[in-house]
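If you want the building blocks of each chain, they are given just below.
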Amino acid sequence: MTTVRFLPSGYTCEVKVGTALVDTCDEHPEAEVPFSCRSASCGTCRVRVKEGAALLSKAQDDELDVLDVFGDGKDVRLCCQVQVVGEGSLVLEVVEPQ
Ligand code: FES
């Protein structure tokens, strides 16, 4: 299992390896991650990975293209696109809209 802590809400939950974080956020609205397109187009769900980046699936080209538009660093991911691929501890902070 992997522990996921969402900021700034502070909501923490445990997920299995292979879990898509969009599903976790749907099941736990207390995480307070906003979504819109859910398909790597809008950037609404950007989260900064404060801990555990190696526990997330690698970014694909469509995700990287969106992050590039926003000028984000490599520590930012689209929460609608990531899966948990390893066990450990994750800390994700919602990026405020620009
Ligand atoms: S919800 Fe639009 S990019 Fe994730």
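About the cut-offs
Residues numbered from 1 in each chain as written. Predicted model: local features only at pLDDT ≥ 70, side-chain atom pairs only at ≥ 80, totals over all residues. Helix = DSSP H or I, 4+ residues; strand = E, 2+ residues; numbered from the N terminus. Rg over C-alpha atoms; globule rule 2.2 N^0.38 Å. Contact = placed C-beta atoms within 7 Å. Pairing = 2+ DSSP bridges. Axes fitted to C-alpha atoms, helices over the stretch in contact; angles between N-to-C directions. Core = buried A, V, L, I, M, F, W, Y, C linked by C-beta atoms within 7 Å. Buried ≥ 20, exposed ≤ 12 C-beta atoms within 10 Å, placed from the backbone.

Draft legend 1. Focus on the overall build of the protein chain. From N to C terminus, the protein chain includes two helices and five strands. When the helices and strands of the protein chain are listed from N to C terminus, the series reads β-β-α-β-α-β-β. Since a compact globule built from 98 residues should have a radius of gyration of about 13 Å, the 12 Å found for the protein chain is in line with a globular shape. Its C-alpha atoms give the protein chain principal-axis dimensions of about 35 × 25 × 20 Å. The long-range fraction of contacts in the protein chain, counting pairs at least 24 apart against all pairs at least 6 apart in sequence, stands at 66%.

Draft legend 2. Layout of the sheet that holds strand β1 (residues 2-7). What the five strands build is an open sheet, ordered β2-β1-β5-β3-β4; its pairing is mixed. Here the strands that pair on one side only, and so sit at the sheet edges, are β2 (12-15) and β4 (76-78). Taking the axes of each pair of neighbouring strands and ignoring which way they run, one obtains an average angle of 35 degrees across the sheet. Note that β1 and β2 share four bridges and pair antiparallel. Bridge pairing links Arg5 to Thr12 in β2.

Draft legend 3. Structural detail: the nonpolar core. Val33, Cys45, Val47, Leu78 and Cys79 are the most contacted members of the largest nonpolar core, which totals 21 residues. Those elements that place two or more of their residues in this core are β1, α1 (21-27), α2 (61-70) and β5 (88-94). Contacts of Val47, omitting those with residues within four sequence positions, involve Val33, Val76, Arg77, Cys79, Leu92, Glu93, Val94 and Val95.

Draft legend 4. View of the environment of Val17. For Val17, the location among the structural elements is in the loop between β2 and α1. Residue classification places Val17 among the partly exposed positions, given that 13 C-beta atoms sit within 10 Å. In sequence terms Val17 and Glu63 are 46 residues apart; their C-alpha atoms lie 21 Å from each other. Excluding residues that lie within four positions of it along the chain, Val17 makes contacts with Thr2, Val84, Val85, Gly86 and Glu87.

Draft legend 5. A look at unusual backbone geometry. A cis amide bond links Leu7 to the next residue, Pro8, at an omega of 5 degrees. Tracing the backbone shows Pro8 in the loop between β1 and β2. For Glu32, which is not glycine, the phi torsion reads 60 degrees and is therefore positive. By the element assignment, Glu32 lies in the loop between α1 and β3 (46-51). You will see that Ala40, though not glycine, has its phi angle at about 60 degrees, which is positive. Along the polypeptide, Ala40 turns up in the loop between α1 and β3. For Ala40, a count of 19 C-beta atoms within 10 Å corresponds to the partly exposed category.

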